Every structure is written in structure tokens, then in C-alpha cells.
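A look at the structure
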Amino acid sequence: MKFGTKAIHAGVEPDPSTGAIMTPIFQTSTYVQAAPGDNQGYEYARTKNPTRDALQNNLAALENGKYGICYSSGLAALDAIMKTLSTGEEIISSNDLYGGSYRLITRVYGQFGIKAHFIDMSDPKNIVQHINKNTKYICIETPTNPMLSVLDIKAICDIAKMHKLKVVVDNTFASPYLQTPLDLGADIIWHSCTKYLGGHSDVVMGAVITKSKVLADKFAFIQNASGAVPGPQDCFLMLRGIKTLHVRMDRACANAKKITDFLLKNDKVANVYYPGLKTHPNHKIAKKQMSNFGAMISFDLKKNTFSTAKKILKSTKLFALAESLGGVESLIGHPASMTHGSIPKEDRLKVGLTDSLIRLSIGIENIDDLIADLSKAIGKV
Ligand SMILES: *Cc1c(COP(=O)(O)O)cnc(C)c1O
């Protein structure tokens with residue numbers, strides 16, 4: 001099955017008791033048993049729920065994996081991955097991570113004696129010098145936020161294989177429609193389903209996907225043992241959102257391409273960061289491992305101050321000033337004061353995250369309206 005068919009049909013069967021074409025919301029905490037131990041595969045809803053099962057099977061199919069395990073948020077999914085490690089074990093992570101991931105790895109798992117090395121993986125060979133006998137996972141996120149750098153997933157997986165390490169990929173920004181890291185050698189994929197998978201800014205959820213039965217059993221065990229499970233209504237909304245992932249993504253990517261064209265021609269704009277641009281330093285890798293370049297764009301201004309950026313952030317009408325991304329509606333954000341406010345300024349500037357850097361999550365509105373909105377707002381500076 002091709003992607004668009006899988007998005008709609010994989011894991012989803014008409015309800016056998018009624019014929020309902022949509023997966024019912026099994027809003028129940030427990031299941032009646034005929035006799036002790038005699039049940040229909042469901043005993044208690046933290047452990048298993050049919051709405052959640054359908055979603056998990058759907059997600060596994062989308063990532064070309066075998067097993068999907070859902071959690072109550074993206075960070076709860078990463079939390080489950082970290083819980084498969086023991087004190088004294090180490091991970092090597094790319095240094096340009098979602099802030100919440102960095103916080104969980106360092107401040108929660110650091111105190112349990114799990115060590116993380118955050119390094120520049122733009123040259124995958126940099127990884128080798130940090131590998132030791134305690135290393136378990138190589139963790140990456142690509143494309144990154146907000147600079148939209150792209151890491152070479154296959155090259156990183158090749159190095160990991162040579163050292164018998166597993167590769168963990170946060171695939172939130174690309175979504176499985178644009179990039180399937182399991183096909184490139186990765187072992188564990190995780191998502192903030194809150195973003196493109198859900199796609200309508202109405203659910204917080206996470207998922208882990210793998211081909212390995214051994215790993216899947218661990219993740220299912222943690223799902224039940226720690227209990228960070230999504231509710232059935234949220235699973236239903238996620239299934240519903242996923243049905244249009246490919247259509248939404250096609251439109252959002254097409255809109256993003258046109259907006260980069262507009263930004264490049266605007267004389268107030270200094271730099272435009274988008275992996276689809278031939279001038280982007282990682283364009284070739286992006287082209288190799290992604291089927292399109294996504295719908296996240298960052299740019300900064302010639303008049304490079306927070307106050308010029310602020311003027312734009314306050315002036316857009318369609319682009320809403322908000323954190324998060326991946327919904328049908330376009331969002332605008334200011335990483336230096338919002339998502340990346342806790343990073344020291346000199347570290348920010350080193351990677352190009354200037355005071356005027358603005359991040360856009362491009363939605364699926366009419367492109368002319370989006371460009372008119374941005375054009376008017378940028379015209380104010
Ligand atoms: C939002 C996000 C997360 C965290 O997911 P939540 O669902 O908010 O817990 C992790 N990684 C990336 C890239 C994100 O954008």
C-alpha cells in the first residue's frame with residue numbers, strides 16, 4: 001500500500017459489532033470478563049484499548065515499522081525511550097534538540113546517572129570519539145528547530161551499526177510522509193503527534209515506533225507500568241487527523257516553497273533557512289532522505305534586532321503568534337524569546353539564531369492571503 005492509502009486504511013477495520021466505518025471511541029476503563037482470565041483480549045484500559053490499538057497499528061504502518069506504542073505526549077514517548085536505559089549507560093545526542101527533550105535528558109535522567117553527550121553531528125564522524133563501552137543510543141532530530149539543519153540519517157546509522165549502537169530519531173518535523181528513518185537504518189522513531197500527525201492543534205500525544213519485538217515489548221511494558229497513556233477520545237482525533245496527513249503536507253510544503261520565494265525577494269530580509277533551497281548547506285542530504293522539504297521556515301532581518309522582529313510578530317493577522325507547529329493554521333514565533341529563551345545569547349548566535357530570527361509554521365490556507373499578510377507585516381519595519 002502507498003502512503004495515502006495507508007494513512008486512511010492501515011490498522012483501521014470497520015467495527016465488527018456494528019459495521020461503523022470509523023473506529024469507535026472505546027470510552028471505558030475496564031472490560032467485563034466471562035470468568036477469571038476469560039476475556040476478549042482486553043482487561044483494563046491503561047494496558048490496552050481498542051481505539052488506541054487501531055492508532056498504534058496505523059502509526060507503525062506509516063513509519064514502515066512493525067510496532068507502534070502511544071503515550072500521552074511527545075515527551076512521554078521520549079521518557080519511555082530513556083527508561084529503557086540503566087544507570088551508568090550513555091547516549092550521544094545531536095546538539096540541536098527540542099528544548100524539552102534536552103531538559104528531560106539532562107535534568108531528569110541526568111540525576112539517575114544516565115550520561116548524555118551533546119555534539120555536532122553535521123559531520124557524522126564526530127560521533128566516533130564519544131563512543132565508549134557504556135554507549136547505548138545515538139539520538140538525533142532532523143530537520144532541527146529553528147535553524148532547519150538536516151543530519152544525514154543513513155551515514156549516522158552506518159556508524160552506529162559498526163559499533164552495535166541503536167539510533168533513535170525524533171521524526172516530528174518531517175512526519176512519516178516526508179521521511180521514514182527506519183528505512184535508512186534507524187531502530188527507534190518517536191513523534192510529538194501533537195504536531196503534523198494530529199495536524200489540527202487539538203491533541204497532545206506522542207508515539208514510539210520500531211521494527212524490533214524486543215524493543216516493542218519494553219515500550220509496551222513501560223506504557224503500562226508508568227501509565228502515560230493517551231485517552232481514547234484523543235486516539236480517535238489522532239486517527240482522524242492522520243487520514244489527511246499526506247494532503248495537508250503536500251499543500252503546506254507547496255505553500256512553504258512559495259513563501260521562501262517571497263522572502264528571498266524581500267529587501268528587509270537577510271537570511272532564509274529552508275532545506276528546500278539550493279543554497280541551504282544540507283540541501284543535498286535533505287533531497288536524498290526526504291520526499292519534500294517540510295513546511296517550517298526561519299528567516300532573519302537586515303535590521304537585526306528583537307524590536308524589528310517584534311513589530312512583525314505583532315502585525316501579522318493570519319499568522320498567529322504561538323508556540324507549537326504542524327497545524328492547518330499558520331503560526332509565527334520568535335525563538336530567541338520563546339522556545340530558545342533559556343539558551344545563552346552567545347551560544348544562540350553561534351548557530352545563527354539571531355535576535356531577529358522569526359520561525360514560521362506554514363499551514364494550508366490560501367497562499368496569496370498568507371503572502372499578503374507577511375508582506376504587510378514585514379513592510380512595517
Ligand atoms: C513539540 C515537540 C516535542 C515535544 O512533544 P510534546 O507533544 O509537546 O510533548 C518533541 N520534539 C519536537 C521536535 C517537537 O516539536
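Here goes a summary of the coordinates provided. (Residues numbered from 1 in each chain as written. Predicted model: local features only at pLDDT ≥ 70, side-chain atom pairs only at ≥ 80, totals over all residues. Heavy atoms only, no water.)

**What to know about the packing of aromatic side chains**
Counted only if it meets this: Here is the rule: rings of Phe, Tyr and Trp (six-membered ring for Trp) pair when centre to centre is within 6.5 Å. Planes less than 30 degrees apart are stacked, more than 60 are edge-to-face, and the remainder are tilted. We count a stretch as a helix when DSSP gives it H or I for four or more residues in a row; a strand needs E for two or more, and each element gets its number in order from the N terminus. Charge over a ring is defined by NZ of Lys or CZ of Arg lying within 6 Å of the ring centre and within 35 degrees of the ring normal.
Using the criterion set out here, one finds four aromatic pairs in the structure. Consider the rings of Tyr 31 and Tyr 42, whose centres lie 5.4 Å apart with planes at 40 degrees: the pair is tilted. Here Tyr 31 is found in the loop between helix H1 (3-9) and helix H2 (50-62), whereas its partner Tyr 42 is found in the loop between H1 and H2, with eleven residues between them in sequence. Above the face of the Tyr 98 ring, Lys 195 is positioned so that its terminal group lies 5.3 Å from the ring centre. Lying over the aromatic face of Phe 306, Lys 310 brings its terminal NZ or CZ to 5.8 Å of the ring centre.

**Regarding the pairing of strand S9 (residues 296-301)**
Put simply, the rule is: With a 1.4 Å probe rolled over the protein chains alone, any residue whose accessible area is under 20% of its type maximum counts as buried; one over 50% counts as exposed, and the rest are partly exposed. Pairing between strands is defined by DSSP: at least two bridges between them are needed.
With six of six residues buried, S9 lies mostly within the body of the structure. Residues Met 296, Ser 298 and Asp 300 line one face of S9 and the alternating positions Ile 297, Phe 299 and Leu 301 line the opposite face, and both faces are buried. Note that S9 and strand S12 (residues 358-361) share four bridges and pair antiparallel. The residue bridging Met 296 from the neighbouring strand is Ser 361, located in S12.

**Here we look at empty space enclosed by the protein**
Short version of the rule: The pocket and cavity definitions rest on a 1 Å grid over protein atoms only: a 1.4 Å probe that fits but cannot leave marks a cavity, an open set with protein on both sides within 12 Å along at least five of seven lines marks a pocket, and residues lining either have an atom within 4 Å of a point. Grid points are joined across faces, edges and corners, and a volume is the space filled by probe spheres set on the points.
Within this structure, the stated rule accounts for five cavities of 30 Å³ or more. Here the largest cavity is characterised by a volume of approximately 70 Å³. Taken together, Leu 78, Leu 97, Ser 101, Ile 105, Cys 139, Ile 140, Glu 141, Val 168, Asp 170 and Trp 190 make up the lining of the largest cavity. Elements represented by at least two residues in the lining of the largest cavity include exactly helix H4 (99-108), strand S4 (135-141) and strand S5 (166-170).

**Brief notes about the sheet that holds strand S10 (residues 320-321)**
Each strand in a sheet pairs with another by means of backbone hydrogen bonds, the pair being arranged parallel or else antiparallel. Pairing within the open sheet is mixed, and its five strands lie in the order S8-S9-S12-S11-S10. Two strands bound the open sheet, and with one partner strand each, they are strand S8 (269-273) and S10. With two bridges joining them, S10 and strand S11 (residues 331-333) adopt parallel strand pairing. Along S11, the bridge assignment pairs Ala 320 with Leu 331.

Without other data, these values stay purely geometric and don't point to any function.
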